[in-house]
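What follows is the residue order along each chain.
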Amino acid sequence: MKTRITELFEIQHPILQGGMHFVGFAEMAAAVSNAGGLGIITGLTQRTPELLAKEIARCREMTDKPFGVNLTFLPAVNQPDYPGYVKAIIEGGVKIVETAGNNPAKWLPALKENGIKVIHKCTSVRHSLKAEAIGCDAVSVDGFECGGHPGEDDVPNFVLLPRAAEELKIPFVASGGVANGRQLVAALAMGADGINMGTRFIATKEAPVHQNVKQAIVDATELDTRLIMRPLRNTERVLNNPAVERLLAKERELGAAVSFADIAAEIAGVYPKIMIDGDMDAGGWSCGMVAGLIHDIPTCQALIDGIMSDAEQIIRGRLEAML
Ligand SMILES: Cc1cc2nc3c(=O)[nH]c(=O)nc-3n(C[C@H](O)[C@H](O)[C@H](O)COP(=O)(O)O)c2cc1C
């Protein structure tokens, strides 16, 4: 399949793996890229720019295909060393960056001067248009159903994607809620040039996370996620567990007065405990409603091949036959 996204990123299939904290290590990115998609290393999971440089080098040893790095701009008081991370990306010869969390304008000149293509992930048409206006090459349009941070507009992809298609000139991928071939076809029909998946890629053989995480995703249904940090306007979709129930009870109790400090016990430092130790009740961790569509733990190659062959069958068989 050839789309504007496969052309832009020089990849075989229009399937991206979004940056994921404590999941997007070199093993994950290389497995997706080797399977013909675009794997993405999560920059900030590496504590320093030096460690990111090493992770990029490690990934390059595992694949000769293109891969990207995710740079998430956090609303944190103590800002990470973003100039250092950008330098590590440039010096590491990475040619694709996925930005998220905030407007990447400040970093675009340095990235563009070094021939790096930027895909900005955002959750609204207005932010997508902003990304286009400042010179991003593509957008990842993240609907309300997505795992992680869906923003505060709550527009699901069945409306958000065709709205993006009405307005955008640059190519975009459908992100959030996607796991299979029929959804790839639907995304293409709604104007996208590909898909971006997060949660689906965690439940793969190569994902470098504890088996408990993969099994939790397989066991979950589409009813099992919750939205936390709504009152802080930092909404995150997470898999429900006792820690999340506790956090939500605090939010209900404290109302608008709730602060990060009140819920730190349920969110701070949670990712290594979940992803590495497999302590599934350690706190809230991002997970999409798409868990309801995930029933197996395939290799990335089997997953991507399956999505592509199902999509082709649907286009050539089901859709063609309807005309
Ligand atoms: C465990 C997990 C961690 C994530 N961490 C990040 C992150 O650090 N930066 C980011 O831009 N997106 C992050 N995301 C969002 C994904 O890149 C992607 O946009 C999202 O998962 C798409 O929705 P889906 O899970 O329904 O496929 C994360 C998602 C998950 C599930």
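Student: How would you summarise the overall build of the protein if you had to cite specific residues and measurements?
Tutor: Of the regular secondary structure elements, the protein holds 14 helices and 10 strands. For the protein, whose C-alpha radius of gyration is 19 Å, the value lies close to the compact-globule estimate of 20 Å for 323 residues. Structurally, the protein occupies a C-alpha span of about 55 × 45 × 35 Å along its principal axes. For the protein, long-range pairs separated by at least 24 residues make up 63% of all intrachain contacts whose partners lie at least 6 apart in sequence.

Student: I'd like a description of helix H8 (residues 181-189), backed by residues and values.
Tutor: Every α-helical turn comprises 3.6 residues, leaving residues that sit three or four positions apart pointing alike. Among the residues of H8, those classed as buried are Gln183, Leu184 and Ala187. Down the axis of H8, the smallest arc covering the buried residues is 105°, so these residues share one side. Elements that come into contact with the buried residues of H8 comprise helix H7 (157-167), strand S7 (172-175), strand S8 (195-197) and helix H14 (300-322). Positive backbone phi, approximately 110°, marks Gly191, located one or two places after H8.

Student: Before we move on, could you go through the site of the ligand and cite the residues and values that matter?
Tutor: Neighbouring the ligand are 28 residues, the closest being Gly18, Ala100, Gly147, Gly198 and Gly288. Those elements that provide at least two residues to the shell around the ligand are strand S3 (67-72), S8 and helix H9 (199-202). Grouping the amino acids of the shell around the ligand by side-chain chemistry returns 9 nonpolar, 16 polar and 3 charged.

Student: Can you lay out the sheet that holds S8 for me, pointing to particular residues and giving the numbers?
Tutor: Taken in spatial order, the 8 strands make up an open sheet running S1-S8-S7-S6-S5-S4-S3-S2, and their pairing is parallel. Only two strands of the sheet have a single partner each, and these edge strands are strand S1 (15-17) and strand S2 (39-42). Going across the sheet, the axis of each strand differs from the next one's by a mean of 30°, ignoring polarity. Direction of pairing for strand S4 (residues 96-100) relative to strand S5 (residues 117-122): parallel, over a ladder of 5 bridges. Note that in S5 the partner of Thr99 across the bridge is His120.

Student: Account for the domain arrangement of the protein, naming residues and giving values.
Tutor: In terms of domains, the protein is made up of domain 1 (4-208 + 297-322) and domain 2 (221-286). Listed by partner, the interface residues are 11 residues for domain 1 and 9 residues for domain 2.

Student: Account for the packing of helix H3 (residues 49-62) against helix H4 (residues 82-91), with residues named and values stated.
Tutor: Their axes nearest at 8 Å, the elements H3 and H4 cross at an angle of 25°. Considering their axes alone, H3 and H4 lie roughly parallel with respect to each other. Where H3 crosses over H4, the handedness of that crossing is right-handed. The segment H3 lies against H4, with Pro49, Leu52, Ala53 and Ile56 engaging Gly84, Tyr85, Lys87, Ala88 and Glu91.

Student: Can you break down H4 residue by residue, with the values?
Tutor: Taken together, the buried positions of H4 are Tyr85, Val86, Ala88 and Ile89. Here the buried residues of H4 occupy an arc of 160° about the axis, which is enough to place them on one side. Along H4, the residues that are exposed and aim more than 90 degrees away from the buried face are Pro83 and Glu91. Buried-residue contacts for H4 involve H3, S3, S4 and helix H5 (108-113).

Student: Could you give an account of the nonpolar core, with specific residues and numbers?
Tutor: Membership of the largest hydrophobic core comes to 88 residues, with the highest contact counts inside it found for Ala29, Ile41, Val97, Ile195, Ile202 and Ile217. Counting residues domain by domain, this core receives three or more from each of domain 1 (4-208 + 297-322) and domain 2 (221-286). If we skip the residues at most four places from it in the chain, Ile202 touches Met20, Val23, Ala207, Val209, Val213, Lys214 and Ile217.

Student: With reference to specific residues and values, describe the pairing of S5.
Tutor: In terms of burial, S5 is a largely internal element, 5 of the 6 residues being buried. Crossover S4 to S5 through H5 is right-handed. Note that S5 and strand S6 (residues 138-142) share 4 bridges and pair parallel. Bridge pairing in S6 links Cys122 to Val141. The parallel pair S5 and S6 is bridged by helix H6 (residues 125-134), and the resulting crossover is right-handed.

Student: I'd love a proper account of the pairing of S6, names of residues and values included.
Tutor: Summarising burial for S6: 5 of the 5 residues are buried, a large majority. Neither face of S6 is left uncovered, since the one carrying Ala138, Ser140 and Asp142 and the one carrying Val139 and Val141 both have all their residues buried. Here S6 runs beside S7; their pairing, made up of 4 bridges, is parallel. Across the sheet, Val141 pairs through a bridge with Ala174, a residue of S7.

Student: A description of unusual backbone geometry should follow, citing residues and the corresponding values.
Tutor: Although it is not a glycine, Asp154 sits at a positive phi angle of roughly 60°. Position of Asp154 among the secondary structure elements: in the loop between S6 and H7. Exposure remark for Asp154: the 12 C-beta atoms within 10 Å place this residue in the exposed category. The backbone of Arg233 sits at a positive phi, close to 55°, despite the residue not being glycine. Here Arg233 shows up in the loop between strand S9 (225-228) and strand S10 (236-239).

Calculation rules
Residues numbered from 1 in each chain as written. Predicted model: local features only at pLDDT ≥ 70, side-chain atom pairs only at ≥ 80, totals over all residues. Helix = DSSP H or I, 4+ residues; strand = E, 2+ residues; numbered from the N terminus. Rg over C-alpha atoms; globule rule 2.2 N^0.38 Å. Contact = placed C-beta atoms within 7 Å. Buried ≥ 20, exposed ≤ 12 C-beta atoms within 10 Å, placed from the backbone. Arc of directions from axis to C-beta. Near = placed C-beta within 6 Å. Nonpolar A, V, L, I, M, F, W, Y, C, P; charged D, E, K, R; others polar. Pairing = 2+ DSSP bridges. Axes fitted to C-alpha atoms, helices over the stretch in contact; angles between N-to-C directions. Domains from an automatic or database assignment. Parallel < 35°, antiparallel > 145°, perpendicular 65-115°, else oblique. Left-handed = near helix turned anticlockwise from the far one by under 90°. Core = buried A, V, L, I, M, F, W, Y, C linked by C-beta atoms within 7 Å. Right-handed = clockwise from strand over helix to strand, strands pointing away.

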